[in-house]
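Take a look at the letters that make up each chain.
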Amino acid sequence: MREYKIMQFTDCHLDDGTAEAGLEQIAALWEHANADLAVFTGDVVFGKNDLVFYDRLDEFFRSRNAPFAVVLGNHEGECNTVGRRGIMEKCASLGNCITEVNPIGKRYGNYIYDTPFDGVSLAMLDSGDYAPWYEKLRHPIRSKYAAVTKEQISWYVNAVKDKKAIFVFLHIPVPEYERAYYGALARGEVKYGALRENIASDGSLKRVSDVVCSSAVNTGFFESARSIGNLKAIFCGHDHLNDYYVEYKGVGLVYGQKTVGFEGSGYAFDGRGFPDYTGATLVTVYENGDFTPRQIYYKDIR
């Protein structure tokens, strides 16, 4: 059966001090996997000269004759003058980047990308950054992060209703990720990885909330998408230490591996006393709409 391979990179946190080493890691992971498409699911760069790094990514993938996609994370726009929309406009202007701006309200980078297989497509969504104050008040101990909006849900439902199989890529996990993990853990059905976000370096419980740093409210995206009948999986980033894959109500919920893991690139596994699991996630999509995700650790290929 024919295959289409997607390499998910996430939470690279490239900046002036980490860009060179980070780009080397990205290159090594890409060369190892020989994928067809790279998808960066947010928090790609975090520096004053961040637009320059997108040029660097474009140069790399152009030299490999490979396309790449960028999805916004919660940190994009914090360290530059162009904002979140400006970053998407920059990415959309690059020769090998498939990103489309397609604003829905103040969310940018919502688009569908068709694989070579009939009816099998990827849906990229801007999951936002931080929740508005009125959502935080409703759930003060839940999370501070934004949710997929009702307007985005309406757009998504209309855009994918005639597809055979859909794979969603966004940054902030939907709230169902937490319930799905603990249910799978109780049944012994976690397919790989673990939830580690609330464990401190000494092994103690770091906090009692936000073990999955999802949105402050549940706007119903997961159930709306699942009800169509073609949602195969959701791939997210955001939580650097969570890297599990579980199935929930017939849908795969997958965390991407944090991609760059050294000082200055955001907290990572070894900083909390875990083995260095930084790397990427290789997703093999089959012509019939099935898929297989696989963790790739940078430590195993360097």
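The name an unreviewed UniProt entry assigns to the protein is Metallophosphoesterase, from the organism Candidatus Stercoripulliclostridium pullicola.

Asks: What is the right way to look at the sheet that holds strand E5 (residues 120–124) in this model?
Replies: Pairing is mixed across the open sheet formed by six strands, whose spatial order is E4-E5-E6-E7-E9-E8. In this open sheet, the two edge strands, each paired with only one partner strand, are strand E4 (111–114) and strand E8 (245–248). Recorded for the sheet is a direction-independent mean angle of 20° between the axes of neighbouring strands. Relative to strand E7 (residues 231–236), strand E6 (residues 165–169) runs parallel, the two sharing four bridges. Bridged to phenylalanine 169 within E7 is phenylalanine 235.

Asks: Is there a simple way to explain the pattern of salt bridges in this structure?
Replies: Oppositely charged side chains are able to pair whenever their charged atoms sit close together. In total, this model carries 13 salt bridges according to the counting rule given. Note that aspartate 243 and arginine 196 form a salt bridge whose closest N and O atoms lie 2.7 Å from each other. One end of the pair, aspartate 243, is in the loop between E7 and E8; the other, arginine 196, is in the loop between helix H6 (176–187) and helix H7 (221–228), and 47 residues separate them in sequence. On the basis of relative accessible area, aspartate 243 is assigned to the buried category, the value being 1%. We classify arginine 196 as buried; its relative accessible area is 10%.

Asks: How do you make sense of the sheet that holds strand E11 (residues 291–297) when you look at a structure like this?
Replies: What holds strands together in a sheet is hydrogen bonding between their backbones, with the strands either parallel or antiparallel. Strand order in the open sheet formed by five strands is E3-E2-E1-E10-E11, with mixed pairing between adjacent strands. Looking at the sheet topology across the chains shown, the edges are occupied by strand E3 (68–71) and E11. Adjacent strand axes in the sheet meet at a mean angle of 20° when their direction is disregarded. Pairing geometry for strand E1 (residues 3–9) and strand E10 (residues 279–286), over six bridges, is antiparallel. Paired with lysine 5 across the two strands is threonine 284, which belongs to E10.

Asks: Could you clarify how one ought to interpret the nonpolar core in this entry?
Replies: Grouped together as the largest cluster of nonpolar side chains are 37 residues, with contacts concentrated most on Met7, Phe9, Phe40 and Phe61. At the level of secondary structure, the elements contributing two or more residues to this core comprise E1, helix H1 (19–33), strand E2 (37–41), helix H2 (50–63), E3, helix H3 (83–92) and E10. Excluding its chain neighbours within four sequence positions, the residues that come into contact with phenylalanine 9 are Ile26, Leu29, Trp30, Ala38, Val39, Phe40, Thr41, Phe61, Thr259 and Ala280. Counting 30 residues, the second largest nonpolar core, distinct from the first, contains Ile166, Ala180, Leu195 and Ile234.

Asks: So what exactly am I meant to see when it comes to the side chain of asparagine 110 here?
Replies: By secondary structure assignment, the location of asparagine 110 is in the loop between H3 and E4. With near-sequence residues (within four places) excluded, asparagine 110 lies in contact with Glu100, Val101, Asn102, Pro103, Ile104, Met124, Leu125, Asp126, Gln152 and Trp155.

How each quantity is defined
- Residues numbered from 1 in each chain as written.
- Predicted model: local features only at pLDDT ≥ 70, side-chain atom pairs only at ≥ 80, totals over all residues.
- Heavy atoms only, no water.
- Pairing = 2+ DSSP bridges.
- Helix = DSSP H or I, 4+ residues; strand = E, 2+ residues; numbered from the N terminus.
- Axes fitted to C-alpha atoms, helices over the stretch in contact; angles between N-to-C directions.
- Salt bridge = Lys/Arg side-chain N within 4 Å of Asp/Glu carboxyl O.
- Buried < 20%, exposed > 50% of the residue type's maximum accessible area, 1.4 Å probe, protein only.
- Core = buried A, V, L, I, M, F, W, Y, C linked by side-chain atoms within 4.5 Å.
- Contact = heavy atoms within 4.5 Å.

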